[in-house]
Amino acid sequence: MTEQNERQTEQKRVDYVTKQVADQIKTNQQLFEQAHHETRMVDQNYSDNASVNLYEVDDAMETNAMIEQQRQLVARSYESETILKHQLDTLSNLKKSPYFGRIDIKDPGETTPESLYIGVASLMNEDKSDFIIYDWRAPIAGIYYNGNLGNVTYPTPAGTQTTELVKKRQFTIKDGHITNMFDTNETVGDEMLQAALGEQNDQYMQNIVATIQKEQNDIIRDTTSDLLLVQGVAGSGKTSAILQRIAYLLYHSRASLNADQIVLFSPNRLFSHYISEVLPSLGERNMRQVTLAEFLSRRFEGLDVQTLFERYEVEQTHGIANQAAQTYLESAACMKAVNDYCQSLTTEQLKFSNIMFDGRIFFTATHVRDIFAKLPQKMAIADKILATKNGLIKELKQRVKEEAKSDWVSEAVSQLNGEDLHSLLGEKKSEDFETEDEQLDYVSDRLATKRLRIVYDAIYNNYFFDPYAQYADFLTQNRPAIVPIDSWNQIVANFKQEIEYHRISLMYCSSLLYLRDLVSGSGQNRQLEYVFIDEMQDYSTAALIYLKHVFPKAKFTILGDSEQALFKEIEAPQQLLERLSTALESKRPNLITLNRSYRSTTEITNFAKSLLPDGDQILPFNRHGDLPRIILRYSMPDAIRALLEEVDNQAKSSETVAILTKNATQAHEVYQQLRQSTDITLLTDTDRTLPTGILVMPIYLAKGLEFDTVIAYDVSVNNYSDPRSTGILYTIASRAMHQLILLSIGATCPMISDEQEKLLQIEHSI
Ligand SMILES: Nc1ncnc2c1ncn2[C@@H]1O[C@H](COP(=O)(O)OP(=O)(O)OP(=O)(O)O)[C@@H](O)[C@H]1O
């Protein structure tokens, strides 16, 4: 068949599939509307019934049964509506582009090959006799990403199958028309990738299922490792790969896994927004997302937890006050010391607190200690704390009865208005009591119980144990040998002072939470199945160990690029894997490294890698553009003028132009300088959405993001003198997809040297 004829045949098939999709959308739409109507009816019926008078006891029982029945009906009809909605979403994803690949396979003994078409979801023909599209996650579809032509294998429920891959074809289909089509023997042809990467950035990350690369496919389809460590250079598709991996896992464990059992620790809220469309575009629900700061803040309610950004800003301006102590506190050694300390804690060493009520001591710390001390010696500490908690709750119930007779309660009862009284009586009525005293006793009891709820909550939340005092004791007793006594005392004093002011520095957080959880036996979540950590270079080993403790049943996928560490030393991937698999006690660790950078043009990647002392392993993708430009100006007004000219110029051809600064102060300064003259948005760490246009932000907010044009603000020696800031510059440069411009106010920093001249276009001021 000629190429022309082939294309016509394929277009005919696209037309047929498009019609199928359109027909199925129509049918589903009708079913959905019908289901929606039914849900509304059932729902209305339910709310009518749920609001009937419940005061008459006999009626109430009957009504409850009816309501329960209705509730189930509502739940069921919501469920079928949701399923139909999901099908409609999937079909509308297929409508845009029904498939992107075709594989022809010939099974042993067969003479003619069979053609399978691969798309974002499966689709059957109208009589459900055949798959006209195979989901990219189906086992057989693995061949498309992995196999070269010839004999290939794929998994089936009956074991590994061998088949012959005789053709692999790729398509670009836009609005029902094939715009590009070719056969290839590569994993996924370069041409498709070129086209995908050449596009302009938009607010959201795209799915990459049509062009997944082999190593990325290994990440996506890894179902055996309990620790999957992905070390990939900037722009190598780490984030993309894990999002497709989540979609893959959800597809393969439909019955046992749901999106709520997966959590992604992301670098910031802007990033969460940026990636939020990938899973829905694959017909899946988003996983839970949290930043480290949010996670810690939830666990330290009432304390202001230092964020990574705050720490970064402090370290940049003041340096690290006590590097050795900080390194120790964030190490596996410190977490082990916490564990040992908790194992050997004696009753005398435990720090108990008074439980207060209304300004007075309700249970004394000594009393709590007494309860604890009476428990069997052999019992584990966490079990003893639980038993103490139960003991206190029991006593509280007794004390409620006593308090109900006390003066403060009688006084409070005498001041009750009718409404309060009614609410305290609940379902009871005055006639239910034989005497007035009986009613009074009842009301006093209820009131005491209600007011003492606060004591119950305090016990329930283990407030009788003081984790902060305990941690201070731990610190006092566990000075690492490398830290001099005076500096360590300073660390302990600093911790106590922070707690007094309801603050906590990040370096204390993991070991303190670990200690609190070990003593109290709380804080673990056994439901979560997968934890994903992006930008792992920002996490300490202690933090990772703590997360493993919190999610003991979860498999961990940890991704990062140690070159992008802002203000940290770099570490070789293999060494990192060993360190982490020991720390996390992994049984099946796996390391995948990604060296090809897809985001930026060859010219930008070549420049970015030249900033690094060991950038040789980074391979640029073959997509060309302009050389990065460096603009040198020697005064602030000249620099701002040049910057303004540059942003306005770039904005004509780019959707997003991002000016990236070293820190928040500089971002703010630039914003102030430009806002009168151009339409510019300043982003801060409270922002949750990413607009297009001209943006300015500090680099740590741009982590994980990408922009058509990046302007690195002030790469002068004054601004980037510390060699440890190499990672910052590299991260800034590697955010650019199509254009990179560097502005230097005065001589450039040492990382940009004469050697790079051929990689750059240099513009001096005239
Ligand atoms: N196989 C692929 N097909 C198409 N595009 C890809 C592919 N892999 C990566 N990309 C694109 O390359 C860019 C970088 O990908 P991604 O953000 O996942 O990289 P990363 O390794 O997480 O980057 P960083 O560490 O710099 O934040 C994105 O625009 C992504 O869509």
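The rules behind the values
Residues numbered from 1 in each chain as written. Predicted model: local features only at pLDDT ≥ 70, side-chain atom pairs only at ≥ 80, totals over all residues. Helix = DSSP H or I, 4+ residues; strand = E, 2+ residues; numbered from the N terminus. Buried ≥ 20, exposed ≤ 12 C-beta atoms within 10 Å, placed from the backbone. Contact = placed C-beta atoms within 7 Å. Near = placed C-beta within 6 Å. Nonpolar A, V, L, I, M, F, W, Y, C, P; charged D, E, K, R; others polar. Domains from an automatic or database assignment. Pairing = 2+ DSSP bridges. Axes fitted to C-alpha atoms, helices over the stretch in contact; angles between N-to-C directions. Core = buried A, V, L, I, M, F, W, Y, C linked by C-beta atoms within 7 Å. UniProt positions renumbered as here; feature names shortened; annotations may be inferred. Parallel < 35°, antiparallel > 145°, perpendicular 65-115°, else oblique. Left-handed = near helix turned anticlockwise from the far one by under 90°. Arc of directions from axis to C-beta.

## A look at the overall build of the protein
Inference 1: Scanning the protein for helices and strands turns up 27 helices and 26 strands.
Inference 2: With the C-alpha coordinates aligned to their principal axes, the bounding extent of the protein is approximately 100 × 75 × 55 Å.
Inference 3: Within the protein, the fraction of its 766 residues that count as buried is 39%.
Inference 4: Within the protein, contacts between residues separated by at least 24 positions form 73% of all contacts whose residues are at least 6 apart in sequence.

## Examining the site of the ligand
Inference 1: The ligand sits among 24 residues. The nearest are A234, G237, K238, T239 and S240.
Inference 2: For the shell around the ligand, the elements supplying multiple residues, two or more each, are α4 (190-198) and α6 (238-252).
Inference 3: Considered class by class, the residues forming the shell around the ligand number 8 nonpolar, 12 polar and 4 charged.
Inference 4: Two domains each provide a minimum of three residues to the shell around the ligand, namely domain 2 (223-311 + 527-597) and domain 4 (602-764).

## Quick word on the sheet that holds strand β16 (residues 555-560)
Inference 1: The 6 strands are arranged β10-β9-β15-β16-β8-β17 in an open sheet whose pairing can be described as parallel. Taken across any chain shown, the strands that pair with only one partner, and hence form the sheet edges, are β10 (288-290) and β17 (589-594). Averaged over all adjacent pairs, the angle separating strand axes in this sheet is 15°, with direction ignored.
Inference 2: As paired strands, strand β9 (residues 262-265) and strand β15 (residues 530-533) are joined by 4 bridges and run parallel to one another. When the bridges of β15 are listed, L264 appears paired with F532.

## Some remarks on the environment of K168
Inference 1: By secondary structure assignment, the location of K168 is in strand β6 (residues 159-174).
Inference 2: For the pair K168 and L149, spaced 19 residues apart in sequence, the C-alpha to C-alpha distance is 7.5 Å.
Inference 3: Here K168 is in contact with I103, Y144, L149, D183, T184 and N185, once residues within four sequence places are set aside.

## Side note on helix α27 (residues 726-733)
Owing to its 3.6 residues per turn, the α-helix aligns residues three or four sequence positions apart on the same side.
Inference 1: With 8 of 8 residues buried, α27 is to be regarded as a mostly interior element.
Inference 2: Residues of α27 that are buried: T726, G727, I728, L729, Y730, T731, I732 and A733.
Inference 3: Buried-residue contacts for α27 involve α24 (602-610), β21 (656-661), β24 (707-712) and β25 (736-745).

## Things to note about the nonpolar core
Inference 1: In terms of nonpolar packing, the biggest core is built from 190 residues, with I118, L660, I711, A712, A733 and L743 touching the most fellow members.
Inference 2: Element by element, the count of residues in this core is highest for helix α21 (residues 506-520), at 10 residues.
Inference 3: Once residues within four sequence positions are removed from consideration, I711 is found in contact with L643, E646, V647, V657, I659, I741 and L743.

## Quick look at the UniProt feature "binding site: ATP" (unreviewed entry) in the protein
Inference 1: Per the UniProt annotation, the sites labelled "binding site: ATP" (unreviewed entry) are G232, V233, A234, G235, S236, G237, K238 and T239.
Inference 2: Once you skip the residues sitting within four places of it in the chain, A234 turns out to touch D561, Q564, S597, A608, T731 and S734.
Inference 3: On the secondary structure map, S236 appears in the loop between β8 (227-232) and α6.

## Some words on the packing of α21 against helix α22 (residues 541-550)
Inference 1: For the pair α21 and α22, the least separation of the axes is 9 Å and the interaxial angle reads 30°. The orientation of α21 with respect to α22, classified from their angle, is roughly parallel. When you trace α21 past α22, the crossing you get is left-handed. Between α21, through S510, S511, L513, Y514 and D517, and α22, the contact on the second element is made entirely by A542, A543, Y546 and H549.
Inference 2: Class assignment for the residues of the contact of α21 with α22 results in 5 nonpolar, 3 polar and 1 charged.

## So, helix α13 (residues 365-373)
Inference 1: Among all positions in α13, only V368, I371 and F372 are buried. Burial along α13 is one-sided: seen end-on, the buried residues are contained in an arc of 100°.
Inference 2: On its buried face, α13 is in contact with β13 (360-363) and α14 (381-404).

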